[in-house]
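The primary structure of each chain is shown beneath.
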Amino acid sequence: MGWAGGLLHSHVQTYPSGSSQQQVTCYHYKDENNDWAILPRWDEPPYDPETPIRFLTDGDVVRLQHVPTKRNLHSHPIPAPVSKLNNEVSGYGDEKVGDFHDYWVVEVVDDLRRGSKVHVDKIHSLTTRLRLRHQTLGCYLRAGNEILPQWGFKQIEVSCDKEDNPSDIYTYWNVETHINDRRK
């Protein structure tokens, strides 16, 4: 939300150093590389479209999987390529391979329609502002003022910020689009 329309993005290109895993960036143009699926943790039963719908709520621990490449949103104690004090965020594994570094805790900030966090029963697209805290490292998914070099197409660096600054709008995210065939 700090980038006024920047979208969580990934593409098949990898970092030239650090983990050499798939790049994760913030990008301002809509395309299929901005699509992410919200999935259960590895130690939970896999998503089953036949079970009742489970709405995303404050405190949920989830995996975010990049739809086009099937890589999981991942962080680890490797310095981010530009903001070296933060941890690198990458795309790792696939729909069968991953680990506990793929887990993100949903933390509601507030809702532009419903008000303070206490009035938010579930995440609502566009209006609920949230933060994503890495469950293991405790850092926050952040798209700040760091621009990647040409190898990152001069897109905005996404890192995992070790500082817990609840007023840092560069750690605020929202769900732009929600698609679920069972919610018509």
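These figures come from a predicted structure and were not determined experimentally. Per chain, residues are indexed from 1 in the order of the written sequence. Local features are withheld for residues below a pLDDT of 70 in this predicted model, meaning they are given only at 70 or higher, and side-chain atom pairs are given and counted only at 80 or more; totals for whole chains, interfaces and linings count all residues. Excluding hydrogens and water, the side-chain values take into account all heavy atoms of the structure.

A. Structural detail: the overall build of the protein. Helix and strand counts for the protein stand at zero helices and 11 strands. Where helices and strands are cited, they refer to DSSP runs of H or I of at least four residues and of E of at least two residues respectively, numbered from the N terminus. Starting at the N terminus, the α and β elements of the protein follow one another as β-β-β-β-β-β-β-β-β-β-β. Relative to its length of 184 residues, the protein is compact, with a C-alpha radius of gyration of 16 Å against a globular reference of 16 Å. Dimensions of the protein along its principal axes, counting C-alpha atoms only, are 40 × 35 × 30 Å. Think of it in three bands: residues with accessible area under 20% of the maximum for their type are buried, residues over 50% are exposed, and the middle band is partly exposed, with areas taken using a 1.4 Å probe on protein chains only. Across the 184 residues in the protein, those meeting the buried criterion constitute 45%. For the protein, restricting intrachain contacts to residue pairs at least 6 apart in sequence, the fraction spanning at least 24 positions comes to 62%. Note that accessible areas follow from Shrake-Rupley with a 1.4 Å probe, and for residues the cover is restricted to the protein chains shown. When the accessible surface of the protein is totalled, it reaches about 9700 Å², and 52% of it is carbon and sulfur. The charge count includes Lys and Arg as positive and Asp and Glu as negative, but it does not include His or the ends of the chains. Think of each charge as sitting on NZ of Lys, CZ of Arg, CG of Asp or CD of Glu. Computed over 21 positive and 26 negative side-chain charges, the separation of the two mean positions in the protein equals 3 Å. In this setup the radius of gyration rests on C-alpha atoms only. A globule is expected at 2.2 Å times the number of residues raised to 0.38. When checking whether two residues touch, look at their non-hydrogen atoms; a contact exists if any pair is within 4.5 Å.

B. Highlighting the pattern of salt bridges. Salt bridges are identified by distance alone: a Lys or Arg side-chain nitrogen within 4 Å of an Asp or Glu carboxyl oxygen. Inspection of the entire model under this criterion finds 11 salt bridges. Between Glu 44 and Arg 54 there is a salt bridge, with the nearest N and O atoms lying 3.9 Å from each other. Taken together, the residues Glu 44 in the loop between β3 (36-39) and β4 (61-66) and Arg 54 in the loop between β3 and β4 connect sequence positions 10 residues apart. For Arg 54, a relative accessible area of 55% puts it in the exposed group.

C. Highlighting the pairing of β4. Counted residue by residue, β4 has six buried out of six residues, so it is predominantly covered. Burial of the side chains of β4 extends over both faces: Val 61, Arg 63 and Gln 65 are buried on one face and Val 62, Leu 64 and His 66 on the other. By the convention used here, strands pair only if DSSP detects at least 2 bridges between them. Taken together, the four bridges between β3 and β4 define a ladder with antiparallel strand orientation. The partner of Ile 38 across the bridge, within β4, is Leu 64.

D. Region of interest: the state of the cysteines. Disulfide assignment relies on a single distance test, namely cysteine sulfur atoms paired within 2.5 Å. In the structure shown here, the tally under the stated rule is one disulfide. Disulfide pairing is shown between Cys 139 and Cys 160; the S-S distance is 2.1 Å. Handedness of the Cys 139-Cys 160 disulfide follows from its S-S torsion of about 95°: it is right-handed. Residue Cys 139 is found in the loop between β9 (128-134) and β10 (140-147), and its partner Cys 160 is found in strand β11 (residues 156-161); the two are separated by 21 residues along the sequence. Assigned by exposure class, Cys 139 and Cys 160 land together as buried. The thiol of Cys 26 is unpaired, and the distance to the nearest cysteine sulfur, on Cys 160, comes to 15 Å.

E. Summary view of the side chain of Asn 34. Considering the arrangement of structural elements, one finds Asn 34 in the loop between β2 (22-27) and β3. Pairing of N or O atoms within 3.5 Å defines a polar contact, subject to two protein rules: one partner must be a possible hydrogen donor and the other a possible acceptor, and residues neighboring in sequence count only if both atoms are side-chain atoms. In terms of polar contacts, Asn 34 uses its side chain to reach the side chain of His 9, at 2.6 Å. When sequence neighbours within four positions are dropped, the list of residues in contact with Asn 34 reads Leu 7, Leu 8, His 9, Tyr 27 and Tyr 29.

F. Inspection of the packing of aromatic side chains at higher detail. Note on aromatic contacts: the rings of Phe and Tyr and the six-membered ring of Trp form a pair at centre separations within 6.5 Å, being stacked when their planes are under 30 degrees apart, edge-to-face when over 60 apart, and tilted otherwise. Throughout the structure, instances matching the rule amount to two aromatic pairs. Seen from their ring centres, Tyr 15 and Trp 151 are 6.0 Å apart, and the 80° between their planes marks the pair as edge-to-face. Here Tyr 15 is found in the loop between β1 (7-14) and β2, whereas its partner Trp 151 is found in the loop between β10 and β11, with 136 residues between them in sequence. A centroid spacing of 5.5 Å and a plane angle of 65° characterise the contact between Tyr 27 and Tyr 29, whose relative ring orientation is edge-to-face. For Tyr 27, a relative accessible area of 22% translates into the label partly exposed. Across the ring face of Tyr 103, the terminal group of Arg 41 is positioned such that the distance to the ring centre comes to 5.9 Å. The positively charged end of Arg 63 is found above the aromatic ring belonging to Trp 42, 3.8 Å away from the centroid. Working rule: Lys NZ or Arg CZ, within 6 Å of ring centre, within 35 degrees of ring normal, means a charge sits over the ring.

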